[in-house]
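Analysis of the macromolecular model
The primary structure of each chain is shown beneath.
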Amino acid sequence: MKVTKHIKTLNNANLKESAVKGGCGECQASCQSACKTSCTVANQKCERE
Amino acid sequence: MIHKYKLNGYNICLDVHSGAVHVLDDAAYDILDYCDETMSEKPPEKMFEELKDKYDREELEETYAALFELYQEGQLFSPDDYEQFADMMTRAPIKSMCINISHDCNLRCEYCFAAKGDFGQGRCLMPLETAKKAIDFIIANSGTRHNLEVDFFGGEPLMNFEVVKKTVEYARSIEKKYNKNFRFTITTNGLLLDDDKIDYINKEMHNVVLSLDGRKEINDKLRVTPNGKGCYDIIVPKYQKLVAKRGDKDYYIRGTFTTFSKDFTADVMHMKELGFEQLSIEPVVSDPKLDYSIKYDDLPMVFKEYEKLANTLIEMRKKGEYFNFFHFMIDLNQGPCAIKRLRGCGCGNEYVAVTPQGDIYPCHQFVGEEDYKMGNLNDGTFDNEMKLRFARANVYSKENCKDCWAKFYCSGGCNANNYQYEGDILKSHKVGCELEKKRLECAIMIKAALADYGVDEGSDCDSGDCFAECC
């Protein structure tokens, strides 16, 4: 987390980096094993982490 | 592209294409209106002119400089570089499967998208031979993928539990030979749970989804037996026993809210009071003409309720109490990669559903839609053209997604909902989109609030949903 006088940044903002390294396909299908009726991808884990 | 919003006293800015989340003071929040993808080191005169009554020139200059620094670091108005990746994984292996082990159910829930258990195809159970063919199919089509997910679904899977057990046994007997790791899950209404089944599920199932709508009067209004009686009193003690014996393995108490239960925070809290911590309540999937459907006009009330639930979660976390709400889980640092986020759930491409008759569909919500039958396990047919159509359904091929701030969080939404409500898998389901965006705004605000109270440092933990308790 980076904090300055006016702005607090909560995260590392690594989405672009993940595009280059990503795509292994080992992670969970989004709604498969929890909700079954709506799609949220951002709450999943990366299997590589 | 950015998305800025105010919620619960926080000024939040999401930089869509870097994923950065900033919490801003009022000056920075207001100055953002004068910034865009072409911002330069020198602030625009219009900004000084229009904001002079709220902030002095020095503060405006200083704050603008801080925002420009973020811009230079690629954390504000960062460019959209992702379309080049949109066609990655179009020929992906199939690694997830929903096995509709039972097209029969011992409940008659009013809102069931499976037409009260049989998907409109007649009540029947999947024979073991078909289930084994499903396991063979996913192994044969999973390429080099190691982790294979199989969910036993229905109808009610416990009505065919012996076949569930034998299917698991079969998969376990061959997984090492093919260098696979099966992760089984089961989704149940709980009526047939007993001690043996609880022990088996807790041993073999990676995750278990237990259906309950919350308060007794809410649950029993729509989740009823064939003779019209509510199921709450039967299932709750069984769920409590299962969860108590489950240890740290995953589970969800999963409910549905309808227009009759738009005050669903009370249902979430009721689940918590029953001793459950992993909770999910979802909007009903149903024809908008039905009286219990969530309609566009219901959205303002549902939004307020999500805010109430978010605030309840924050207040509990501040007191050291814990529950997890599935749709408020978000990992701002180590979530799925951008490639995954482009294409979402992978239905019809990486994920399929199979029926007791061996028919293959893009996902469990397409079952019974004849135009979307992809093939059959018994005759060996499989429509690779349809697989490719689903593979190409990504946030850049969906007309409403490309310019939406939430595209890397919902990843294009639910293709089945898009088809059912909008008639096209590439047309976003509007009510679903609005609900998803509201949940995301709440989820990000929760992160800001917990960071503020020192409860969370922004998801540096493994799961992203524990709010640092596990770290």
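First things first, this report covers the structure right here in the doc. Within every chain, residues take consecutive numbers counted from 1 along the sequence as written. Whichever chain is written first becomes A and whichever ligand is written first becomes 1, with later ones labelled in order. Reporting of local features is limited, given that this is a predicted model, to residues whose pLDDT is at least 70; pairs of side-chain atoms are given and counted only at 80 or more, and all residues count toward the totals for whole chains, interfaces and linings. As a convention, hydrogens and water are excluded, and side-chain values are obtained from all of the structure's heavy atoms.

Opposite the 87 residues of chain B that make contact, chain A presents 43 residues. Summed over both partners, the interface of chain B with chain A comes to about 5,400 Å²; 52% of that surface belongs to carbon and sulfur atoms. For this document, the term salt bridge refers to a Lys or Arg side-chain nitrogen within 4 Å of an Asp or Glu carboxyl oxygen. Across the contact surface, chain B and chain A share 5 salt bridges. Between A:Lys5 and B:Glu62 there is a salt bridge, and its shortest N-O distance comes to 3.1 Å. Polar contact is the term for a pair of N or O atoms within 3.5 Å; when the atoms are in protein, one must be able to donate a hydrogen and the other to accept it, and sequence-neighboring residues count only if both atoms are side-chain atoms. The interface formed by chain B and chain A includes 26 residue pairs in polar contact (both at pLDDT 80 or more). For the side of chain B that touches chain A, the element with the highest residue contribution is helix 3 (residues 57-72) of chain B, accounting for 7 residues. Residues of the side of chain B that touches chain A, tallied by class, amount to 38 nonpolar, 26 polar and 23 charged. One requirement defines pairing of two strands: DSSP has to find at least two bridges between them. A run of H or I in DSSP becomes a helix once it reaches four residues, and a run of E becomes a strand once it reaches two; helices and strands are each numbered from the N terminus. In terms of strand pairing, strand 2 (residues 7-9) of chain A meets strand 3 (residues 21-24) of chain B through 3 bridges, oriented antiparallel. Bridge pairing in strand 3 of chain B links A:Ile7 to B:Leu24. Only heavy atoms enter the contact rule, under which two residues are in contact if any of them lie within 4.5 Å. Here the quantity called buried area is the accessible surface, traced with a 1.4 Å probe, that two parts lose on coming together, added over both. Here the nonpolar group is Ala, Val, Leu, Ile, Met, Phe, Trp, Tyr, Cys and Pro; Asp, Glu, Lys and Arg are the charged ones; every other residue, Gly included, is treated as polar.

To continue, consider the pairing of strand 4 (residues 96-100) of chain B. Residue and element names in this part refer to chain B. Think of it in three bands: residues with accessible area under 20% of the maximum for their type are buried, residues over 50% are exposed, and the middle band is partly exposed, with areas taken using a 1.4 Å probe on protein chains only. Most of strand 4 is tucked away, with 5 of its 5 residues classed as buried. In strand 4, alternate side chains face the same way, and those of Ser-96, Cys-98 and Asn-100 on one face and Met-97 and Ile-99 on the other are all buried. Inspection of the sheet shows strand 4 paired to strand 7 (residues 147-153) by 5 bridges, in the parallel sense. Bridged to Asn-100 within strand 7 is Phe-153. As defined by bridge partners, strand 4 adjoins strand 13 (residues 351-354) across 4 bridges and the pair is classed as parallel. Each residue of the ladder has a partner; that of Cys-98, found in strand 13, is Ala-353.

Further remarks concern the environment of B:Tyr200. Residue position: B:Tyr200 is located in helix 6 (residues 195-204). According to the relative accessible area criterion, B:Tyr200 is buried, its value standing at 16%.

Here we take up the pattern of salt bridges. Residue and element names in this part refer to chain B. Summed over all chains, the structure comprises 35 salt bridges over all chains. Notably, a salt bridge pairs Glu-162 with Lys-165, separated by 3.4 Å at the nearest N-O pair. Linking Glu-162 with Lys-165, this pair stays in helix 5 (residues 161-175), spanning 3 residues, or about one helical turn. According to the relative accessible area criterion, Glu-162 is partly exposed, its value standing at 46%. Under the relative-accessibility criterion, Lys-165 is labelled partly exposed at 28%.

Below, the discussion takes up unusual backbone geometry. Residue and element names in this part refer to chain B. In this model, Gly-154 is joined to Gly-155 through a cis peptide bond whose omega is 20°. Checked against the element boundaries, Gly-155 lands in the loop between strand 7 and helix 5. Of note in this structure, Asn-8 is not a glycine but carries a positive phi near 55°. Inspection of the secondary structure assignment puts Asn-8 in the loop between strand 1 (2-7) and strand 2 (10-15).

All names here are of chain B. Only buried residues count toward a nonpolar core. Its members are Ala, Val, Leu, Ile, Met, Phe, Trp, Tyr and Cys residues joined through side-chain atoms within 4.5 Å. Judged by nonpolar contacts, the single largest core of 139 residues is most densely connected at Ile-99, Phe-152, Leu-212, Phe-328 and Phe-366. For this core, the element with the highest residue contribution is helix 15 (residues 430-452), accounting for 12 residues. Beyond its immediate sequence surroundings of up to four residues, Leu-212 is in contact with Asn-219, Tyr-232, Ile-235, Val-236, Tyr-239, Ile-253, Arg-254, Gly-255, Met-271, Leu-274 and Phe-276. One finds Leu-51, Tyr-64, Leu-70 and Leu-76 within the second-largest nonpolar core, a separate group that totals 22 residues.

The next thing to look at is the packing of aromatic side chains. Residue and element names in this part refer to chain B. A pair of aromatic rings is counted whenever rings of Phe, Tyr or Trp (Trp by its six-membered ring) have centres within 6.5 Å, and the orientation is called stacked for planes under 30 degrees apart, edge-to-face for over 60 and tilted otherwise. Summed over the entire model, instances satisfying the criterion amount to 17 aromatic pairs over all chains. Seen in terms of ring centroids, Tyr-82 and Phe-408 are 4.8 Å apart; in terms of plane orientation they differ by 65°. Their pairing is edge-to-face. Highlighted residues: Tyr-82 in the loop between helix 3 and strand 4 and Phe-408 in helix 13 (residues 407-410), separated in sequence by 326 residues. Classification of Tyr-82 by relative accessible area gives buried; the value is 1%. Since its relative accessible area comes to 0%, Phe-408 is described here as buried. Only Lys NZ and Arg CZ are tested; either one counts as a charge over a ring when it is within 6 Å of the ring centre and within 35 degrees of the ring normal. For Arg-57, the ring lying beneath its charged end belongs to Phe-48, and the centroid distance is 3.7 Å.

So, about the sheet that holds strand 7 of chain B. Residue and element names in this part refer to chain B. The 11 strands lie next to each other as 12-11-10-9-8-7-4-13-14-15-16, forming an open sheet whose pairing is mixed. With one partner strand each, in any of the chains shown, strand 12 (324-325) and strand 16 (381-382) form the two edges of the open sheet. Most of the contacts of helix 4 (residues 128-141) go to strand 4, to which it runs at about 170°, and overall it touches strand 4, strand 7, strand 8 (181-188), strand 13, strand 14 (359-361) and strand 16. Axis definition: a line fit to C-alpha positions, over the contact stretch in the case of helices; interaxial angles, taken between N-to-C directions, run 0 to 180 degrees.

Another aspect to go through is the sheet that holds strand 3 of chain B. Strand order in this open sheet of 5 strands is 1(A)-2(A)-3(B)-2(B)-1(B), and the pairing throughout is antiparallel. Among the strands making up the open sheet, the edge pair consists of strand 1 (2-3) of chain A together with strand 1 of chain B. Where helix 3 of chain B meets the sheet, it contacts strand 1 and strand 2 of chain A together with strand 3 of chain B, and its direction lies at approximately 25° from that of strand 2 of chain A. Together, strand 2 of chain A together with strand 1, strand 2 and strand 3 of chain B form the strand contacts of helix 15 of chain B, whose direction differs from that of strand 1 of chain B by roughly 70°.

This part is about the packing of helix 5 of chain B against helix 6 of chain B. Residues and elements named next belong to chain B. Relative to each other, helix 5 and helix 6 sit at 30°, their axes nearing to 12 Å. In terms of orientation, helix 5 lies roughly parallel with respect to helix 6. Judged by the sense of rotation from one axis to the other, the crossing of helix 5 with helix 6 is left-handed. Contacts from Phe-161, Val-164, Lys-165, Val-168 and Arg-172 in helix 5 reach Lys-197, Tyr-200, Ile-201 and Glu-204 in helix 6. Looking at the contact of helix 5 with helix 6 residue by residue, the class counts come to 5 nonpolar, no polar and 4 charged. Small angles under 35 degrees read as roughly parallel and large ones over 145 as roughly antiparallel, with 65 to 115 read as roughly perpendicular and the rest as oblique. Handedness of a crossing is defined here by the sense of rotation of the near helix relative to the far one, left-handed for an anticlockwise turn of less than a right angle and right-handed for a clockwise turn.

Residues and elements named next belong to chain B. Checked against the element boundaries, Ser-280 lands in strand 11 (residues 278-283). On the basis of relative accessible area, Ser-280 is assigned to the buried category, the value being 1%. A polar side-chain atom of Ser-280 sits 2.9 Å from a polar atom in the side chain of Glu-282. Ignoring anything within four residues of it in the chain, the contact list for Ser-280 reads Tyr-252, Ile-253, Arg-254, Gly-255, Met-271, Phe-325 and Phe-326.

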